Amino acid sequence: MNADLSMTLPELVLAVGAIALMLVAAWGGQGSTRMLSWASVAVLIGAGIALAGPASSGGAAFGGLYRADAFAAFAKVLIYGASAVAIIIAPRFFAAGTGDDLRPEYPVLILLSAAGMGMMVSAGDLLTLYVGLELQSLAAYVLASFMRRDTRSAEAGLKYFVLGALASGILLYGISLVYGFSGTTLFSSIATAYGAGHSLGLTFGLVFVFAGLAFKISAVPFHMWTPDVYEGAPTPVTAFFASAPKVAAIALSVRVAVEAMGPATDQWRQIVIFASLASIIFGAVAAIGQTNIKRLLAYSSINNVGFVLVGLAAGTPEGVAATLFYLTIYVVMTLGSFIIVLQMRDAEGQPVESIASLAGLSRSRPGLALAMMIFMLSLAGIPPLVGFFAKLAVFTAAVHAGLYPLAVAGFAASVIGAYYYLRVVKVMYFDAPGEGYSGRATPIEGGLITAMAVAMSPIGWIALGTLGVWTTTAAKALF
């Protein structure tokens, strides 16, 4: 039991920390919010430190229900980092012009969601998978509707809840089919069942499981909630949704595909290829007409999920490594973009989200415009920025797996996506200047923007070799 608990130490740190801080919030009230925010960041750092022990190399715990390996540890580092950023950037957003105060429940909900995400990426059993998924989702529903006086936030929370419940039902139905025809919920035993022969029931179970997971990663055709939720949720929450839960859901999907359904690769590969190409093309085309920067980034998220799935479609250690490589770079690009969106405020301090309001930013806030340009061009995959190497990695993995049509189609479709990223750059650098934004970035936000922009610039090449080694090590843990 002690050995098993030591492997789950990161989740224990998060769970105990969240409960303790919830009690502090109950007695401390609104005045404890700032202290709770920094305490939550400290808890996330503590959970990250806990990964240094058996939690990253212990193997199976609790009879195979939980997996402590390098793959899960890598995903958790991304999750904890993105969660900490979402907590750090929240106070300034709620402090001016939103009509709602940041309440102490916010960082606690982030911690609970992070605990659920940790369970997701370490799941070795379908029931562990579902428990972690629901813990993450229930906290996310509340976070989406956190601004009680804002109708868009309430609408976002309601849509997310209704469609999330539908997706959970689809996933549970798939789990029940897999269990019914394999007689087990353990990933290792399910793989044995698929290897023994693909019955029609197991095939249907595979389809429903992947359909439920596709909703969680907002892949086409289960993407419909993403633009509305991203637009309506508070911007720090949107930044959180676009990063940490995305990493958890994709890492979970990779583990299910490789560990539980590895012998059925030829079957799930067809689903993944369709979702990949559909997400790349739809995300690119639908983003072209957007006028709201948060909706544009929502479609960008759908588009980037398509590229991530190219790596998964390969079904090889190289493909999984490319998926993790892309995810890491995507998280930095996306968080950086949303922190810049947080700086968009009119003269009264109200949040501004229109792309047109970026006009002339290069003259009024040249540093901010330069950082935004780096993030946009990196998301577009334009060399020599780091985002180009992320796309190159997944396409190379697809080619090495013999998926030449997928690589060619994905590369061609990526050209479409470059248009709307370049449009943002054009507005900032070539349109007539509009009214400047009020206020300046806090030192922490300015530091985050600078660090992320430098990481995505050609200077970021320095770290790519090390990142490649880490992702390769993490991917091998699944095979």
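The structure presented is a predicted model; accordingly, all values stated were derived computationally and were not measured. (Residues numbered from 1 in each chain as written. Predicted model: local features only at pLDDT ≥ 70, side-chain atom pairs only at ≥ 80, totals over all residues. Heavy atoms only, no water.)

Peer 1: Tell me about the overall build of the protein chain, and name the residues and values.
Peer 2: A tally of helices and strands in the protein chain yields 22 helices and 2 strands. A globule of 479 residues ought to have a C-alpha radius of gyration of about 23 Å, and the protein chain, at 21 Å, matches this closely. Judged by the C-alpha coordinates and their principal axes, the protein chain covers about 65 × 55 × 40 Å. In the protein chain, which comprises 479 residues, the proportion classed as buried is 60%. Looking at the protein chain as shown, the accessible area adds up to about 16900 Å², and 72% of this sits on carbon and sulfur atoms. (Helix = DSSP H or I, 4+ residues; strand = E, 2+ residues; numbered from the N terminus. Rg over C-alpha atoms; globule rule 2.2 N^0.38 Å. Buried < 20%, exposed > 50% of the residue type's maximum accessible area, 1.4 Å probe, protein only. Areas by Shrake-Rupley, 256 points an atom, 1.4 Å probe, with all protein chains shown as cover.)

Peer 1: I'd like a rundown of the nonpolar core, residues and numbers included.
Peer 2: Within the largest apolar cluster, 177 residues are counted, with the highest numbers of intra-cluster contacts made by Phe241, Met261 and Leu358. Tallying contributions element by element places helix α16 (residues 317–342) first for this core, with 17 residues. The contact partners of Phe241, leaving out residues within four places of it in the chain, are Ala140, Leu143, Ala144, Tyr160, Val229, Tyr230, Ala233 and Lys246. (Core = buried A, V, L, I, M, F, W, Y, C linked by side-chain atoms within 4.5 Å. Contact = heavy atoms within 4.5 Å.)

Peer 1: Residues and numbers for the environment of Asp266, please.
Peer 2: With respect to the helices and strands, Asp266 occurs in helix α14 (residues 265–287). On the accessibility criterion, Asp266 (58% relative accessible area) is exposed. Between the alpha carbons of Asp266 and Ala313 there is a distance of 9.5 Å; along the sequence they are 47 residues apart.

Peer 1: Can you tell me about unusual backbone geometry, naming the residues and giving the values?
Peer 2: Pro221 follows Val220 through a cis peptide bond whose omega is 10 degrees. Considering the arrangement of structural elements, one finds Pro221 in the loop between α10 (200–216) and α11 (226–232). With phi around 55 degrees, Phe62 is a residue other than glycine that occupies positive phi space. As for its position among the elements, Phe62 is in the loop between β1 (59–61) and β2 (66–68). Taking the relative accessible area as the measure of exposure, Phe62 reaches 30% and is therefore partly exposed. With a phi close to 55 degrees, Ser218 is a non-glycine residue in the positive phi region. Relative to the helices and strands, Ser218 resides in the loop between α10 and α11.

Peer 1: Hey, could you go over empty space enclosed by the protein for me, with residue numbers and the actual values?
Peer 2: Counted under the stated rule, the structure contains 4 cavities of 30 Å³ or more. Of the voids in this model, the largest cavity is the one considered here, and its volume is about 90 Å³. Of all elements in the fold, only α7 (126–144) and α13 (244–260) reach the threshold of two or more residues within the lining of the largest cavity. With 3 residues, the single largest contributor to the lining of the largest cavity is α13. Of the residues in the lining of the largest cavity, the class split is 7 nonpolar, 1 polar and 2 charged. (1 Å grid on protein atoms, 1.4 Å probe; cavity = no way out; pocket = protein on both sides within 12 Å on 5 of 7 lines; lining within 4 Å. Points joined across faces, edges and corners; volume = space filled by probe spheres on them. Nonpolar A, V, L, I, M, F, W, Y, C, P; charged D, E, K, R; others polar.)

Peer 1: Please set out the pattern of salt bridges residue by residue, giving values where relevant.
Peer 2: Scanning the model with the defined rule gives 14 salt bridges in all. Between Arg255 and Asp69 there is a salt bridge, with the nearest N and O atoms lying 2.9 Å from each other. Taken together, the residues span a long stretch of sequence, with Arg255 in helix α13 and Asp69 in the loop between β2 and α4 (70–88) at a distance of 186 residues. Across this residue pair, the class does not change: Arg255 and Asp69 are buried. Residues participating in the shared-partner salt-bridge network are Arg152, Glu155, Lys159, Asp228, Glu231, Lys294, Arg295 and Glu353. (Salt bridge = Lys/Arg side-chain N within 4 Å of Asp/Glu carboxyl O.)

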